[in-house]
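As a plain string of letters, each chain reads:
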Amino acid sequence: MKKKRLIPVMVLGLTMMAALAFGNTKEASAAKYKDYKYIKRNDGIMITQYNGKEATVKIPGKINGKKVTSIGYESFADNDHIKKVVVPDSIKTIKVRAFKGCKKLKSIKLSKNLASVKSGAFKDCTALEKVNFPAKVKVIESECFSGCKSLKKVSLTDNITSIPTLCFKGCS
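Residues numbered from 1 in each chain as written. Predicted model: local features only at pLDDT ≥ 70, side-chain atom pairs only at ≥ 80, totals over all residues. Heavy atoms only, no water.

J.: Would you mind going over the environment of Lys112 with me for this structure?
T.: Within the secondary structure, Lys112 is located in the loop between strand S9 (107-109) and strand S10 (116-117). The exposure class of Lys112 is exposed, given its relative accessible area of 54%. As a C-alpha pair, Lys112 and Lys136 span 24 residues in sequence and 7.0 Å in three-dimensional space. Those residues in contact with Lys112, other than ones at most four positions away along the chain, are Asp89, Pro134 and Lys136. (Helix = DSSP H or I, 4+ residues; strand = E, 2+ residues; numbered from the N terminus. Buried < 20%, exposed > 50% of the residue type's maximum accessible area, 1.4 Å probe, protein only. Contact = heavy atoms within 4.5 Å.)

Below, the structure is given as structure tokens:
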């Protein structure tokens with residue numbers, strides 16, 4: 001009897017841990033600002049969704065006076081309109097699969113304060129041609145740029161201590 005009760009509790013616990021680990025924050029309580037949905041966190045604002053159709057996207061550095069510090073899980077994923085993204089210097093983290101599948105994304109200007117780029121953040125951005133990592137980036141996770149078949153130039157810094165497996169799989 002006790003084993004049967006324990007299994008659902010374990011499954012629920014593992015599900016909650018996975019949601020926290022991947023930063024999945026697409027929740028109903030997200031606030032809106034222009035074409036963005038966001039949530040307030042202790043360290044600032046996290047963009048959770050972009051619904052715009054602009055070719056050039058300049059992510060806001062502040063929303064309602066509070067710094068935007070991260071780009072959340074799949075927040076720009078599979079957008080068919082974005083060709084260029086400008087990430088403000090307030091951003092410290094780009095979460096899992098944030099820009100995954102943005103097939104027209106050709107250019108991205110990263111925040112000079114960016115510290116980490118999570119797994120698959122730019123996976124399958126097939127038009128992306130170059131990436132210049134700012135000096136503060138320390139962490140680049142697995143598959144960040146896998147499938148970016150147009151990616152020809154990557155500028156790394158001395159602070160990046162390792163390049164994980166499959167990070168640039170399928171790049172030029």
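Following the structure, the description resumes.
J.: I would appreciate a short explanation of the pattern of salt bridges in the present structure.
T.: When the charged atoms of two side chains lie near each other, side chains of opposite charge can form a pair. Inspection of every chain in the model, using the stated rule, returns six salt bridges. The salt bridge involving Glu74 is made with Arg97; its shortest N-O contact spans 2.9 Å. Of this pair, Glu74 sits in the loop between strand S6 (66-71) and strand S7 (84-86) while Arg97 sits in the loop between strand S8 (93-94) and S9, placing them 23 residues apart in sequence. Glu143 is the salt-bridge partner of Lys123, the closest N and O atoms lying 2.8 Å from each other. (Salt bridge = Lys/Arg side-chain N within 4 Å of Asp/Glu carboxyl O.)

J.: Explain the pairing of S6 to me, please; I cannot follow it from the model alone.
T.: Every regular strand shows the same layout, with side chains that alternate between the two sheet faces. As judged from the three bridges shared by strand S3 (residues 44-50) and S6, these two strands associate in the parallel manner. Its bridge partner lying in S6, Ile45 is registered against Val68. Linking two consecutive strands that pair antiparallel, namely strand S5 (residues 62-63) and S6, is a turn of two residues; a positive phi of about 50° is found at Asn64 within it. Here S6 pairs with S8 via two bridges, running parallel. Note that in S8 the partner of Ile71 across the bridge is Ile94. (Pairing = 2+ DSSP bridges.)

J.: I keep staring at the environment of Lys37 and nothing clicks. Help me out?
T.: Mapping Lys37 onto the fold places it in strand S2 (residues 36-41). Those residues in contact with Lys37, other than ones at most four positions away along the chain, are Ala30, Ala31, Lys32, Met46, Ile47, Thr48, Gln49 and Asn51.

J.: Before we go on, may I ask you to explain the sheet that holds S7 in this structure?
T.: Hydrogen bonds between backbone atoms are what pair the strands of a sheet, whose relative direction is either parallel or antiparallel. One open sheet holds the three strands; their spatial order is S4-S7-S9, and the pairing between them is parallel. Looking at strand neighbours, the two that pair on one side only are strand S4 (56-58) and S9, the edges of this open sheet. The average undirected angle you get between the axes of adjacent strands in this sheet is 5°. Inspection of the sheet shows S7 paired to S9 by three bridges, in the parallel sense. Looking across to S9, one finds that Val86 is bridged to Lys109. (Axes fitted to C-alpha atoms, helices over the stretch in contact; angles between N-to-C directions.)

J.: Is there a simple way to explain the pairing of S3 in this structure?
T.: Within S3, six of the seven residues are buried, which leaves the element mostly enclosed by the surrounding structure. Of the pairings in the sheet, the one linking S2 to S3 comprises six bridges and is antiparallel in character. Across the sheet, Ile39 pairs through a bridge with Met46, a residue of S3. Taking the residues that link successive antiparallel strands as the turn, the S2-S3 hairpin has two residues.

J.: For this particular structure, what's the right way to read unusual backbone geometry?
T.: Peptide bonds are trans in most cases, and residues, glycine excluded, mostly fall at negative phi. Not every positive phi belongs to a glycine, and Asp78 is a case in point at roughly 60°. Tracing the chain through its elements places Asp78 in the loop between S6 and S7. Phi at Glu143 is positive, roughly 60°, even though this residue is not glycine. Examined against the element boundaries, Glu143 turns out to sit in the loop between strand S12 (139-140) and strand S13 (153-155).

J.: I keep staring at the packing of aromatic side chains and nothing clicks. Help me out?
T.: Given two aromatic rings, their pairing is described by the distance between the two centres and the angle made by the two planes. One pass over the full model with this rule turns up eight aromatic pairs. For the pair Phe133 and Phe145, a centre-to-centre distance of 5.8 Å together with 80° between the ring planes defines the contact as edge-to-face. Here Phe133, found in the loop between strand S11 (130-132) and S12, pairs with Phe145, found in the loop between S12 and S13; they are twelve residues apart in sequence, far enough to count as distant. For the ring pair Phe145 and Phe168, a centre distance of 5.5 Å and an interplane angle of 5° mean the geometry is stacked. Of this pair, Phe145 sits in the loop between S12 and S13 while Phe168 sits in the segment after S13, placing them 23 residues apart in sequence. In this structure Phe145 comes out as buried when scored by relative accessible area, which is 1%. (Phe/Tyr/Trp six-rings, centres within 6.5 Å; stacked < 30°, edge-to-face > 60°.)

The analysis is restricted to geometry; functional conclusions fall outside its scope.
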